[in-house]
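One letter stands for each residue in the lines below.
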Amino acid sequence: MEQALPGDHLGPYPPGETTVLVASPEDLAWTLVQMRAGERIIIDQALVAAYQAASSPHSIRALKSDIEAFEAWCRRTQRIALPATPEVVADYLDARAGKGSKPASLARYKASIAKIHQLLDLKDPTVAPLVKLRLAAVRREKGTAQKQARPLRFKGPVRDVERDLARGLNIRALLDACPDDLPGLRDRALLSTAYDTGLRASELVAVAIEQIEEAIDPEARLLQILRSKGDQDGQGATAFLSPRTVSAIVAWTRAADISAGPLFRRVQVRRYKARAAVKGRRIDSISSREAWDLRKTLSKPAVPARVEYDVGSAPLHAGSIGPIFRTIIQRAFDHGSLPDLTAEDLARLLKGISAHSTRIGLNQDLFAAGEDLAGIMDALRWKSPRMPLAYNRNLAAEAGAVGRLMRRLG
């Protein structure tokens, strides 16, 4: 719902002759107008609108979230949010670090504060030496290593991806454990597609049937990726879909009667309990103290238990991918499909599973299969070698010189 705000200015001073800013709570302008300012600040509505048009919805949501958190902290601590001073920014980052925020998150908060000042044509307080030194102190104390999601590899933690048997937590067992009802068919297609393509959650839920094209292999397909995190301009990329994944997608779309639009959708499940047969009553058994209803004389047949499904038209939310993966894993364990895992193993593993687990698993399997870094970067659409090498760090240590020596020593 759009709302007219007092004017395109911020601050304690009367607005003078200003135009009325019309915005909705989803707009970045709405967030800006409500920020606590220490002076009169003019909002360039055209610039804000241009920034929103040039940015992905995810980036805008992240910026709004960061700025709203900064604004709330400023109000609680009686600080001025706009324009912020280096001292205010440094104290805010220190406060977030004290509550457990990692250096990577602090860097994002800093960048968001800088972006808002840039959009409002204000001096950027985050470039001050005080802010940089405070962040450096946090990095020195906490380190800069980011916690990785636990990988979901096709055969699990194996050295030889071709010859070794699957073990531990592995994609193969998870796919086999998916049932053949509608939720199970969707989950199998979702997990298989996620592993084949290494798509991030936001990219995975954006997949539409129209993006799937024929490949040279008649049983395989190609997926046209219209936009990704590293391709905000929409130059596009192509990913390979294996015959295994194609078969899973066909089974899901046929059962769900999906022929166009979003591929992965919500499935609402309605379960009805069985009802035993009810014998009709004789008329003379109906007491005068009861409400008279002739239907009481009618017999009711037994009704078996049944399940009904309702497939939505909208795509899944990106935030649902991680929970779906964890549900698939829990279900496979409950059905005995992960026999070499204990309940303690499962609890520990589930804590590290996220929507990124299939991307990391594919990255590690490609390294284990002997693919070179350039090929892996191309397959997973990496712009720099830093992340693929980071995801392979643990695997590289085990397969490296010391690991090989220790295996020979026994």
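Here the structure is a predicted model, which means the values were calculated and not measured. (Residues numbered from 1 in each chain as written. Predicted model: local features only at pLDDT ≥ 70, side-chain atom pairs only at ≥ 80, totals over all residues. Heavy atoms only, no water.)

*Asks:* Quick one: what's the story with the packing of helix H3 (residues 57–76) against helix H4 (residues 86–98), residue by residue and with numbers?
*Replies:* Contact geometry for H3 and H4: axes closest at 11 Å, N-to-C directions at 100 degrees. Viewed along their axes, H3 and H4 adopt a mutual orientation that is roughly perpendicular. Here H3 contributes Asp-66, Ala-69, Phe-70, Trp-73 and Cys-74 to the contact with H4, which in turn contributes Val-88, Asp-91, Tyr-92, Ala-95 and Arg-96. Grouping the constituent residues of the contact of H3 with H4 by class yields seven nonpolar, no polar and three charged. (Axes fitted to C-alpha atoms, helices over the stretch in contact; angles between N-to-C directions. Helix = DSSP H or I, 4+ residues; strand = E, 2+ residues; numbered from the N terminus. Parallel < 35°, antiparallel > 145°, perpendicular 65-115°, else oblique. Contact = heavy atoms within 4.5 Å. Nonpolar A, V, L, I, M, F, W, Y, C, P; charged D, E, K, R; others polar.)

*Asks:* Summarise the pattern of salt bridges; cite the residues concerned and give the values.
*Replies:* Here the structure, examined in full by the defined rule, presents 19 salt bridges. For Glu-203, the salt bridge goes to Arg-200, with nearest N and O atoms at 2.8 Å. Here the two residues Glu-203 and Arg-200 agree in accessibility, since each one is buried. Here the residues in one salt-bridge network are Arg-79, Asp-91, Asp-94 and Arg-134, joined through shared partners. (Salt bridge = Lys/Arg side-chain N within 4 Å of Asp/Glu carboxyl O. Buried < 20%, exposed > 50% of the residue type's maximum accessible area, 1.4 Å probe, protein only.)

*Asks:* Please provide a residue-by-residue account of the environment of Pro-218, values included.
*Replies:* Among the structural elements, Pro-218 can be located in the loop between strand E5 (212–214) and strand E6 (221–225). Taking C-alpha positions, Pro-218 is 8.7 Å from Pro-243, a pair spaced 25 residues apart along the chain.

*Asks:* Break down H4 for me, citing the residues and quoting the values.
*Replies:* A rise of 1.5 Å per residue sets the reference length of H4, with its 13 residues, at 18 Å; its end C-alpha atoms lie 18 Å apart and thus fit the reference within 8%. Among all positions in H4, only Val-88, Val-89, Ala-90, Tyr-92, Leu-93 and Ala-97 are buried. For H4, the elements touching its buried residues are H3, helix H5 (103–119) and helix H6 (129–142). Remark: Gly-100 follows H4 within two positions and exhibits a positive phi of approximately 105 degrees. (Expected span 1.5 Å × (residues − 1).)

*Asks:* Please provide a residue-by-residue account of the packing of aromatic side chains, values included.
*Replies:* Scanning the entire structure with this criterion turns up four aromatic pairs. With a centroid separation of 5.7 Å and 40 degrees between ring planes, the pair formed by Phe-154 and Tyr-195 is classed as tilted. Residue Phe-154 is found in the loop between H6 and helix H7 (171–177), and its partner Tyr-195 is found in helix H8 (residues 182–197); the two are separated by 41 residues along the sequence. By relative accessible area, Phe-154 is classed as buried at 16%. On the accessibility criterion, Tyr-195 (9% relative accessible area) is buried. Put simply, the rings of Phe-70, Trp-73, Tyr-92 and Tyr-109 touch in pairs and so form one group of aromatic residues. We note Arg-200 situated over the ring of Trp-382; from NZ or CZ to the ring centre the distance is 5.9 Å. (Phe/Tyr/Trp six-rings, centres within 6.5 Å; stacked < 30°, edge-to-face > 60°. Lys NZ or Arg CZ within 6 Å of the ring centre and 35° of its normal.)

*Asks:* A description of the nonpolar core should follow, citing residues and the corresponding values.
*Replies:* Counting residues in each nonpolar core, the largest one holds 59 residues, and the members touching the most others are Leu-152, Leu-169, Leu-174, Trp-252, Ile-321, Phe-325 and Ile-329. For this core, the leading source of residues is H8, giving seven residues. With near-sequence residues (within four places) excluded, Ile-321 lies in contact with Leu-190, Ala-201, Leu-204, Val-205, Leu-316 and Ala-355. (Core = buried A, V, L, I, M, F, W, Y, C linked by side-chain atoms within 4.5 Å.)

*Asks:* If you had to explain the packing of H3 against H5 to someone new, which residues and values would you point to?
*Replies:* The geometry of H3 relative to H5 is characterised by a closest axis approach of 9 Å and an angle of 90 degrees between their N-to-C directions. Compared by their axis directions, H3 and H5 come out roughly perpendicular. The residues of H5 that touch H3, namely those facing Ala-62, Leu-63, Asp-66, Ile-67 and Phe-70, are Arg-108, Tyr-109, Ser-112, Ile-113, Lys-115 and Ile-116. Of the residues contributing to the contact of H3 with H5, the split by class is seven nonpolar, one polar and three charged.

*Asks:* Provide a residue-level description of the sheet that holds E6, including the pertinent values.
*Replies:* Taken in spatial order, the three strands of this open sheet run E5-E6-E7, and their pairing is antiparallel. The two strands at the open ends of the sheet, each matched to only one other strand, are E5 and strand E7 (237–241). The sheet shows a mean angle of 35 degrees between the axes of neighbouring strands, direction not considered. Relative to E6, E5 runs antiparallel, the two sharing three bridges. Each bridged residue has a counterpart across the sheet, and for Ile-212 the counterpart in E6 is Leu-223. Contacts between H8 and the sheet are confined to E6 and E7, with E7 contributing the most and set at about 125 degrees to the helix. Against the sheet, helix H10 (residues 243–256) touches E5, E6 and E7, its axis set at about 85 degrees to E7. (Pairing = 2+ DSSP bridges.)

*Asks:* Please provide a residue-by-residue account of a nonpolar patch on the surface, values included.
*Replies:* Among the surface-exposed residues, Val-269, Val-307 and Tyr-309 lie close enough to one another that they form a single nonpolar patch of about 200 Å² accessible area. Note that Val-307 resides in strand E9 (residues 306–315). You can call Val-307 partly exposed: its relative accessible area is 36%. (Patch = residues over 30% accessible without salt bridge, like charges linked within 9 Å, V, L, I, M, F, W, Y side chains within 5 Å. Areas by Shrake-Rupley, 256 points an atom, 1.4 Å probe, with all protein chains shown as cover.)

*Asks:* Give a description of H3 that names residues and reports values.
*Replies:* Here H3 is 20 residues long and its end C-alpha atoms lie 29 Å apart, about the 28 Å a rise of 1.5 Å per residue gives. For H3, the complete set of buried residues consists of Ile-60, Ala-62, Leu-63, Lys-64, Asp-66, Ile-67, Phe-70, Glu-71, Trp-73 and Cys-74. With its phi angle positive at about 60 degrees, Gln-78 sits one or two positions after the end of H3.

*Asks:* Before we move on, could you go through the pairing of E6 and cite the residues and values that matter?
*Replies:* Hairpin geometry of E5 and E6 is characterised by an intervening segment of six residues between the two adjacent antiparallel strands. Pairing of E6 with E7, which is carried by five bridges, proceeds in the antiparallel orientation. Each bridged residue has a counterpart across the sheet, and for Ile-225 the counterpart in E7 is Ala-237.

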